[in-house]
There are 2 protein chains.
Amino acid sequence: MNWKPLCQILGFILIFLSFMMTLPVILLPGNDSGNWLSFVGSAGFCLTLGLALLLIGGRQTHRLRARDMFVLTSLAWFLIPLLSALPLLFNLQNLSLTDALFESVSGVTTTGSTVLSGLDHMPPDLLLWRSLMQWIGGVGIIGMAIAILPFLKVGGMRLFATESSEWGDKALPRTHTLARGLVLVYCGLTLIFALSYYALGMPFFAAVNHALTTVSTGGYSTSDASMGQFTALPLIFAATLFMMLGAMPFFLYVRAINGIWTPLWRDQQIHFFLLLLFVVATAITGYRLVQEDLDLLPTFAHALFNVTSVVTTTGYATTDYSLWGPAVIVLFFFLTFIGGCSGSTSGGMKIFRFQLCLRLFKLQILRLVHPNAVCTARYNRQPVDEDIIVSAVAFSFVFLLTLALVASLLAMTGLDALSSLSGAATALANVGPGLGDLIGPAGNFRMLSDPAKWVLMFAMILGRLELLTLFVVLSPAFWRD
Amino acid sequence: MNWKPLCQILGFILIFLSFMMTLPVILLPGNDSGNWLSFVGSAGFCLTLGLALLLIGGRQTHRLRARDMFVLTSLAWFLIPLLSALPLLFNLQNLSLTDALFESVSGVTTTGSTVLSGLDHMPPDLLLWRSLMQWIGGVGIIGMAIAILPFLKVGGMRLFATESSEWGDKALPRTHTLARGLVLVYCGLTLIFALSYYALGMPFFAAVNHALTTVSTGGYSTSDASMGQFTALPLIFAATLFMMLGAMPFFLYVRAINGIWTPLWRDQQIHFFLLLLFVVATAITGYRLVQEDLDLLPTFAHALFNVTSVVTTTGYATTDYSLWGPAVIVLFFFLTFIGGCSGSTSGGMKIFRFQLCLRLFKLQILRLVHPNAVCTARYNRQPVDEDIIVSAVAFSFVFLLTLALVASLLAMTGLDALSSLSGAATALANVGPGLGDLIGPAGNFRMLSDPAKWVLMFAMILGRLELLTLFVVLSPAFWRD
């Protein structure tokens, strides 16, 4: 293992993190919460650690191999939440180490499950730091999804391998251009979301925070009522649209701002994603209208918002949708797995894997009907290598097997069956709320036992690393030679 | 579509069924329930229908193609339960058509979910008919698993293709020998089970019934308390062993009685199956002993019995294991999917598919670690074609997708979330009991609404046909040309 380039990159990441930690102090100058010292102290600690890592890393430039990338990516997703917990730990006196880490892991992985309550009366610098953790996580996820995972060929991500994920010497300038484009799009969307939220009636501070946690499909809010604190339908529809935008492939936005719009309009992943949201929301609306005397528009708005929130793995809630009946609970349970599009800030199994699994199913049926015919699957108008389909399907199996293990572990801590099953799903898919009274949209993760919280933290990081990245690093074969 | 050979075979099946319908009258001569006329009437109706089909089929012999087999297999699994419901419908005055069909579908598919209560006071001829339905179903399943599914290459079953599943002219004598061997083993095991049960203290009538429903991993009992009516540990251990035997590959028994024992001892499917049962039962025993003050041996005996009952898809229960705590509920939920070995009377995803999925996972990890290495999966000391692995994994995905659909449909009938999820799983995997108060091991399916019962019936048949068989017949591509 060549540790020097790893130290270099982790050093840069920690210096970036230390800069981000000063933002709650810099951006809220009139704030008198008295927390500024702990933010500056945490930032100083991160900076020192980052500089030390840079020093160890040396000045020589190295080529990163796939091996290094696996370890680097895994390490980064453990290290960043660990350090991001510091400001929380220093500021909230009654917060245990477990709870502080849970909040930061849930934040950086953009899961959005929270152990904190009384958010409405929390000092604004702490609220902003929670939102910033998710925003930082979002940057990391997009970078990982576009530059690293396709290169590592994890779980069918080779489908999205472009020149920019080659990591050869020649491709580097192109990678830089793409990276600059992505940062631009990410910051641009954050700004647009914040201004729109403000224009539609959200207070300025809430607008900024929700913009940060919408673009990153994170789901942290400034109130215990989550998005339920806002009732205006235009705001709800805007938030729905923004969550959708946060869960669509970001590199297609970069191509669009470079004038190439066609791939964005014609992307089959986006089509399926939007179709799924509207079909499920319509079904839920119909189901509710049959049973209760409700108005069509608000019923549809809330159905679409909450379905979008779960599928995009954001995790906001406008209301306790688990009261909408057993059919809705079962639907939301399965929606929790799916996730948004690949190349976005969302988590879960991802739409394209679901589509590839369906392609394989169709292929299997066709081969049974016509045993001698040669059938090939196509995706986005291109033939797809069967290897990629197999990787995607294997990923889905591993996802569900891990889900079974995590749910069993949670249940062994004494958690009830529905909370265990949905808790495992919501953590692995980085969604946020589970189902049931305890951890459902109206619940809170604080009530869980410490062992359950540790299991969930590990599941969140595992899910964020698309499982296989971490499984590879943990496999004996990886370290053998 | 060439319907004549289909009529011939279905005709023979119905004549066999009509003979079986007379058994409750012939075998219970002293029985004064007054039901004999309805059994004889149902048998007469089946015989007439069977003879009519034979007449339509003509005397010419035909070669069956894969297409014919798909339709034949699907038709048979709808027709046999339909006709098997007749004796129930004629005898039980207060039984609705839906309930009668539910009981016969659950019987013939060897699921074992029941809508009947008061079994302890039911006329013996009706109890025997319920057991016989499962025994008939078991014969059909083994025949299908060994002769038809490998030929149809459904869901990775090509792995078990032998000369005997070639259906060429040359292979026919061999097929006949194998079929004779299987019938011998099936009847032999039934006899051994019945005598052992009787020797271990079960009343003679109960011993025969439980033998019929153990060998077929069906799970119908002669009491509302299921196997809970017997408390002697030797009997519980014997029933556990017999369920295991019913869920192991029957063609290996045929080879064993021909003197070839090695494949039986060295079969990796059997090893994994037994290991799984003992590991899970030990874990549950440990979990319970930590929490309560219990005796080791009975605790282990009941854990092993109920785990075996669910994994072999038999569905007996000695006690309401859903009271053993949330961890056990979550475990049983996932155990419901797995199923026994291929080539047995059990249902579910089957152990070998689970093993192939794990092989693929390992292969994926190895390929990520060593991108240029050539890795091949092996199963039972033979290299496995990647196509077979892909079919098996695709099957698992289809199974879980169908589960999601069935659970959503059940929830839409108003059923609670846990009952919907576990009800879908227990029907698709042909297990029997679900989880929760309503349909759990201490519950009964009678309380469900009629739409829920119809959904479950369809799921049971779908599961029994290994899903793809029916999906192929229902696909437009099948009927296009």
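Look up a bit, the structure's there.
This report concerns the structure included in the present document. What you see is a predicted model, and the numbers here were worked out from it, not measured in a lab.

Another point: empty space enclosed by the protein. A complete count under the given rule lists 5 cavities of 30 Å³ or more for this structure. Forming the walls of the largest cavity are Val393(A), Ser396(A), Phe397(A), Leu400(A), Val393(B), Ser396(B), Phe397(B) and Leu400(B). By residue class, the composition of the lining of the largest cavity is 6 nonpolar, 2 polar and no charged.

Formed by 355 residues in total, the largest nonpolar core has its most connected members in Trp129(A), Tyr197(A), Trp129(B) and Tyr197(B). The dominant element in this core, judged by the number of residues it contributes, is helix α5 (residues 124-152) of chain A, at 18 residues. Beyond its immediate sequence surroundings of up to four residues, Tyr197(A) is in contact with Met202(A), Ala207(A), His210(A), Ala211(A), Thr214(A), Met227(A), Leu235(A), Ala239(A) and Phe242(A).

Our focus in this paragraph is the interface of chain B and chain A. Facing the 50 residues of chain B at the interface are 50 residues of chain A. Summing both sides of the interface, chain B and chain A together bury roughly 4,200 Å²; the carbon and sulfur share of this comes to 84%. In this assembly, chain B and chain A are joined by 0 salt bridges. Run the count over chain B and chain A and you get 2 residue pairs in polar contact (both at pLDDT 80 or more). Counting only elements with at least two residues in the side of chain B that touches chain A, the list comes to α13 (326-338), α14 (351-369), α15 (386-412), α16 (417-428), α19 (468-474) and α20 (476-479) of chain B. For the side of chain B that touches chain A, the element with the highest residue contribution is α15(B), accounting for 14 residues. Taken together, the residues of the side of chain B that touches chain A break down into 39 nonpolar, 7 polar and 4 charged.

Moving on to the pattern of salt bridges. Using the criterion set out here, one finds 14 salt bridges over all chains in the structure. The salt bridge involving Glu386(A) is made with Arg367(A); its shortest N-O contact spans 3.3 Å. Note that Glu386(A) is positioned in helix α15 (residues 386-412) and Arg367(A) in helix α14 (residues 351-369), a separation of 19 residues in sequence. Here Arg353(B) ties to Glu466(B) by a salt bridge, and the two come within 2.6 Å at their closest N and O atoms.

Moving on, we come to the environment of Thr114(B). Residue and element names in this part refer to chain B. As for its placement among the helices and strands, Thr114 is situated in the loop between α4 (97-108) and α5 (124-152). Here Thr114 falls in the buried class, since its relative accessible area comes to 16%. Not counting chain neighbours up to four residues away, the residues in contact with Thr114 comprise Glu103, Arg130, Tyr220, Asn444, Phe445 and Arg446. At 2.7 Å, the side chain of Thr114 forms a polar contact with the side chain of Glu103. Separated by 3.2 Å, the side chains of Thr114 and Arg130 make a polar contact.

Turning our attention to the relation of the copies chain B and chain A. Both copies of the chain are tied together by a single rotation about an axis and a shift running along it. Overlay of chain B on chain A (RMSD 0.0 Å): rotation 180°, translation along the axis 0.0 Å. What the rotation and shift describe, once combined, is the action of a two-fold rotation axis. Taken together, the interface assignments show that 100% of the residues at the interface of chain B recur at the interface of chain A, consistent with an identical surface on both copies.

This next bit is on the packing of helix α11 (residues 268-291) of chain A against helix α12 (residues 296-311) of chain A. Two measures define how a pair of helices packs: the angle their axes make with one another and the distance between the axes. Residues and elements named next belong to chain A. It is at 8 Å that the axes of α11 and α12 come closest, and there the two elements cross at 135°. Viewed along their axes, α11 and α12 adopt a mutual orientation that is oblique. By crossing handedness, the relation of α11 to α12 is classed as right-handed. Contact residues: α11 offers Phe273, Leu276, Leu277, Phe278, Val280, Ala281, Thr282, Ile284, Thr285, Arg288 and Leu289, while α12 offers Leu296, Thr299, Phe300, Ala303, Leu304, Val307, Thr308 and Val311.

All names here are of chain B. A positive phi is found at Thr217, a non-glycine position, where the angle reads about 40°. Within the secondary structure layout, Thr217 lies in the loop between α7 (204-215) and α8 (233-246). Positive phi, normally seen in glycine, also occurs at Glu466, with a value near 50°. By relative accessible area, Glu466 is classed as buried at 5%.

This next bit is on helix α9 (residues 250-257) of chain B. Phe250(B), Leu252(B), Tyr253(B), Val254(B) and Ala256(B) are the residues of α9(B) that are buried. Downstream of α9(B) by a residue or two, Gly259(B) has a phi angle that is positive, lying close to 95°.

So, on to the packing of aromatic side chains. What the rule picks out here adds up to 43 aromatic pairs over all chains. Here Tyr197(A) and Phe242(A) contribute two aromatic rings whose centre-to-centre distance is 5.4 Å and whose plane-to-plane angle is 70°, an arrangement assigned as edge-to-face. Residue Tyr197(A) is found in helix α6 (residues 172-199), and its partner Phe242(A) is found in helix α8 (residues 233-246); the two are separated by 45 residues along the sequence. Overall, the relative accessible area of 0% leaves Tyr197(A) in the buried class. Here the aromatic rings of Phe337(B) and Phe399(B) are separated by 6.5 Å at their centres, their planes lie at 65°, and the arrangement is edge-to-face. One end of the pair, Phe337(B), is in helix α13; the other, Phe399(B), is in helix α15, with 62 residues separating them in the sequence. What makes Phe337(B) buried here is its relative accessible area of 9%. For Phe399(B), a relative accessible area of 1% translates into the label buried. These aromatic residues form a ring-pair network of at least three members: Phe333(B), Phe334(B), Phe337(B), Phe395(B) and Phe399(B). The residue whose ring lies beneath Arg67(A) is Phe478(A), and the NZ or CZ to ring-centre distance is 4.4 Å.

This part takes up the side chain of Thr426(A). Residues and elements named next belong to chain A. If you trace the backbone, Thr426 turns up in helix α16 (residues 417-428). On the basis of relative accessible area, Thr426 is assigned to the buried category, the value being 1%. Leaving out residues up to four positions away in the same chain, Thr426 has contacts with Thr111, Thr336, Val431, Gly432, Pro433, Gly434 and Phe445.

What follows covers the environment of Gln269(A). Residues and elements named next belong to chain A. Topologically, Gln269 is positioned in helix α11. C-alpha of Gln269 to C-alpha of Tyr379: the two residues are 110 residues apart in sequence and 9.0 Å apart in space. Contacts of Gln269, omitting those with residues within four sequence positions, involve Phe160, Pro249, Gly340, Cys341, Ser342, Ile351, Phe352, Gln355, Tyr379 and Asn380.

Next up on the list: the packing of α4(B) against helix α18 (residues 450-464) of chain B. All names here are of chain B. Remark: α4 packs on α18, axes separated minimally by 10 Å, with the N-to-C direction vectors making an angle of 25°. Taken together, α4 and α18 sit at an angle that is classed as roughly parallel. Read as a crossing pair, α4 and α18 show a hand that is left-handed. Contact with α4, carried on its side by Thr98, Asp99, Leu101, Phe102, Val105 and Ser106, involves Asp450, Lys453, Trp454, Leu456, Met457, Met460 and Ile461 of α18 and no other residues of that element. Each residue belonging to the contact of α4 with α18 can be placed in one class, and the counts come to 8 nonpolar, 2 polar and 3 charged.

Calculation rules
- Numbering of residues starts from 1 in every chain and runs along the sequence as written.
- As they are written, the chains are lettered A onward and the ligands numbered 1 onward, keeping that order.
- A pLDDT threshold of at least 70 governs which residues receive local features in this predicted model, and a stricter bar of 80 or more applies before side-chain atom pairs are shown or counted, although totals over entire chains, interfaces and linings include all residues.
- Side-chain descriptors were evaluated using all non-hydrogen atoms of the structure, hydrogens and water having been removed beforehand.
- Points on a 1 Å grid, built from protein atoms alone, make a cavity when a 1.4 Å probe fits but cannot get out and make a pocket when they are open with protein on both sides within 12 Å along at least 5 of 7 lines; residues with an atom within 4 Å of a point are the lining residues.
- Grid points are joined across faces, edges and corners, and a volume is the space filled by probe spheres set on the points.
- Residues are sorted three ways: Asp, Glu, Lys and Arg are charged, Ala, Val, Leu, Ile, Met, Phe, Trp, Tyr, Cys and Pro are nonpolar, and all the rest, Gly among them, are polar.
- The criterion is simple. A nonpolar core is a set of buried Ala, Val, Leu, Ile, Met, Phe, Trp, Tyr and Cys residues joined through side-chain atoms within 4.5 Å.
- The cut-offs for exposure are 20% and 50% of the maximum accessible area for each residue type, with area from a 1.4 Å probe on protein chains only; residues under the lower value are buried, those over the upper are exposed, and the others partly exposed.
- Going along the chain from the N terminus, every DSSP run of H or I of four or more residues is numbered as a helix, and every run of E of two or more is numbered as a strand.
- The criterion used for residue contact is that any of the two residues' heavy atoms lie within 4.5 Å.
- Values labelled buried area give the accessible surface lost by two parts on being combined, using a 1.4 Å probe and summing over both.
- Criterion for a salt bridge: a side-chain nitrogen of Lys or Arg within 4 Å of a carboxyl oxygen of Asp or Glu.
- Counted as a polar contact is a pair of N or O atoms within 3.5 Å, where, for protein atoms, one must be capable of donating a hydrogen and the other of accepting one, and residues adjacent in sequence contribute only when both atoms are in side chains.
- C-alpha atoms of residues with pLDDT of at least 70 in both copies form the basis for the least-squares superposition of the copies.
- Axis definition: a line fit to C-alpha positions, over the contact stretch in the case of helices; interaxial angles, taken between N-to-C directions, run 0 to 180 degrees.
- Our angle categories are set so that under 35 degrees counts as roughly parallel, over 145 as roughly antiparallel, 65 to 115 as roughly perpendicular, and the remainder as oblique.
- Put simply, a crossing is left-handed when the front helix is turned counterclockwise from the back one by less than a right angle, and right-handed when it is turned clockwise.
- The pairing test for Phe, Tyr and Trp rings, Trp by its six-membered ring, is centres within 6.5 Å, and the orientation test on the planes gives stacked under 30 degrees, edge-to-face over 60, and tilted for anything in between.
- Think of it as a cone above the ring: NZ of Lys or CZ of Arg counts as a charge over the ring if it is within 6 Å of the ring centre and within 35 degrees of the ring normal.

Function cannot be inferred from these measures alone, as they are strictly geometric.
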